[in-house]
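The residues making up each chain are set out below.
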Amino acid sequence: MKLNGKIALVTGGGSGIGKAMAKAILAEGAKVIIIGRTESKLLQAQSELGPEIEIMVCDITVESQVTNVYETIMSKYGKLDILINNAGTSFKEKAYELSFESWKKVIDVNLNGAFLCARGAMKIMVSQKLGRIINIGSISGQMSRPLNAPYTTSKFGIEGLTRAFALDGRDHGVSVSVIHPGNVATDIISKDEIPKREKEGFVLLEDLGKLAITMLTISPNVNILGSVVLPITQPYLGRG
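Conventions we followed
Residues numbered from 1 in each chain as written. Predicted model: local features only at pLDDT ≥ 70, side-chain atom pairs only at ≥ 80, totals over all residues. Heavy atoms only, no water. Helix = DSSP H or I, 4+ residues; strand = E, 2+ residues; numbered from the N terminus. Contact = heavy atoms within 4.5 Å. Pairing = 2+ DSSP bridges. Axes fitted to C-alpha atoms, helices over the stretch in contact; angles between N-to-C directions. Phe/Tyr/Trp six-rings, centres within 6.5 Å; stacked < 30°, edge-to-face > 60°. Salt bridge = Lys/Arg side-chain N within 4 Å of Asp/Glu carboxyl O. Buried < 20%, exposed > 50% of the residue type's maximum accessible area, 1.4 Å probe, protein only. Lys, Arg positive; Asp, Glu negative; His and termini not counted. Right-handed = clockwise from strand over helix to strand, strands pointing away. Parallel < 35°, antiparallel > 145°, perpendicular 65-115°, else oblique. Left-handed = near helix turned anticlockwise from the far one by under 90°. Nonpolar A, V, L, I, M, F, W, Y, C, P; charged D, E, K, R; others polar.

### Topic: the environment of V109
Link 1 in the chain: You can see V109 is positioned in helix α4 (residues 100–128).
Link 2 in the chain: Considering only alpha carbons, one finds V109 and V229, 120 residues apart in sequence, at a separation of 23 Å.
Link 3 in the chain: Sequence-distant contacts of V109, that is, excluding residues within four places in its chain, are made with R37, I60, T61, A87, G88, T89 and A114.

### Let's talk about the sheet that holds strand β2 (residues 31–36)
Link 1 in the chain: Within the open sheet, the 7 strands sit side by side as β3-β2-β1-β4-β5-β6-β7. Their pairing is parallel. Lying at the two open borders of the sheet, with one neighbouring strand each, are β3 (54–57) and β7 (226–229). Taking the axes of each pair of neighbouring strands and ignoring which way they run, one obtains an average angle of 15 degrees across the sheet.
Link 2 in the chain: Summarising the sheet, strand β4 (residues 82–85) and strand β5 (residues 131–136) pair through 4 bridges and their orientation is parallel. In the sheet register, N85 faces β5, and the bridge partner there is N135.
Link 3 in the chain: On top of the sheet, helix α7 (residues 205–217) reaches β4, β5, β6 (174–181) and β7; it is set at about 160 degrees to β6, its chief contact.

### Remarks on the packing of aromatic side chains
The relation between two aromatic rings is expressed through the spacing of the ring centres and the mutual angle of the planes.
Link 1 in the chain: For the structure on display, the rule yields 1 aromatic pair.
Link 2 in the chain: Ring centres of F115 and F165 lie 6.2 Å apart, and the angle between their planes is 70 degrees; this geometry places the pair in the edge-to-face category. Note that F115 is positioned in helix α4 and F165 in helix α5 (residues 149–169), a separation of 50 residues in sequence.

### A short note on the pattern of salt bridges
Where side chains of opposite charge bring their charged atoms close, a pairing between them can arise.
Link 1 in the chain: Tallied over the entire structure, the rule returns 9 salt bridges.
Link 2 in the chain: The closest approach of N and O atoms between E63 and R119, which form a salt bridge, is 2.7 Å. In this pair, E63 sits in helix α3 (residues 63–77) while R119 sits in helix α4, placing the two residues 56 residues apart along the sequence.
Link 3 in the chain: Looking at R119, the relative accessible area reads 25%, which means it is partly exposed.
Link 4 in the chain: A salt bridge links E101 to K104; the nearest nitrogen and oxygen atoms lie 3.1 Å apart. With E101 and K104 both in helix α4 and 3 residues apart, the pair spans about one turn of that helix.
Link 5 in the chain: With relative accessibility at 54%, the residue E101 sits in the exposed group.

### Points about the side chain of K155
Link 1 in the chain: Positionally, K155 belongs in helix α5.
Link 2 in the chain: At 11 Å, E159 is the nearest oppositely charged side chain to K155, a buried residue that forms no salt bridge.
Link 3 in the chain: Among residues more than four places away in sequence, those in contact with K155 are N110, I136, G137, S138 and G141.

### Section: the pairing of β5
Link 1 in the chain: For β5, a buried count of 6 out of 6 residues is recorded, marking the element as mostly surrounded by other parts of the structure.
Link 2 in the chain: Following the chain from β4 across α4 to the adjacent parallel β5, one finds a crossover that is right-handed.
Link 3 in the chain: In the sheet, β5 pairs with β6 via 6 bridges, with the strands oriented parallel. Looking across to β6, one finds that I133 is bridged to V176.
Link 4 in the chain: As a crossover connection, the stretch from β5 through α5 into β6 is right-handed.

### With respect to the packing of helix α1 (residues 16–27) against α7
Link 1 in the chain: Two numbers describe how α1 lies on α7: the axes approach to 8 Å, and their chain directions differ by 55 degrees. Taken together, the axes of α1 and α7 lie oblique to each other. Note on packing geometry: the crossing formed by α1 with α7 is right-handed. On α7, the residues that touch G16, I17, A20, M21, A24 and I25 of α1 are L205, L208, G209, A212, I213 and L216.
Link 2 in the chain: Grouping the constituent residues of the contact of α1 with α7 by class yields 10 nonpolar, 2 polar and no charged.

So this is what it looks like as structure tokens:
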């Protein structure tokens, strides 16, 4: 129970990486709040993980809704120790054929929403002189795949967001980190991509949860700034 007494918020916690992170953090004794746009997904996750999981419907691209989440957390618990900044989306298209609306949708969720959530958490954590934020990036933010312009751009942006917030938080006892996963079997991968990804290999969701716990429970004066986690067989090194 390494996180006993901690209050944790997980964005996009209704499925995939977010749900796995919530499960791992819950198992270590923390109170976990998961947020997302779709109430049915959140309720399903709650039924799987247990009634201790608290759910809140929130569109992270809407500033007032994000503000309301943090106000509610502070009203109920008086603090926030952990943010897993995970919510994300993708859209497949050639960059030169991509509509501006599709571009904006991905950037709005993956980058602007991540900023709003990190900003809200950081305000609380700076006042506490304590807290950890883990942003979920992707190796696509380092080595792009085809048909992936907005997702790639947003994940490059997450690296910059992490570094900027880490700098602004370090004098206040707040650490900010990023995890860059390789292939993970989540619903962000389209069905036609699955055979190729299966050949490359997948990271288990459970392993991402274990990594998050390591990053969250390391000594308070230490930050694991970034971590790339991917299958040994995935063609990441040597791309070109």
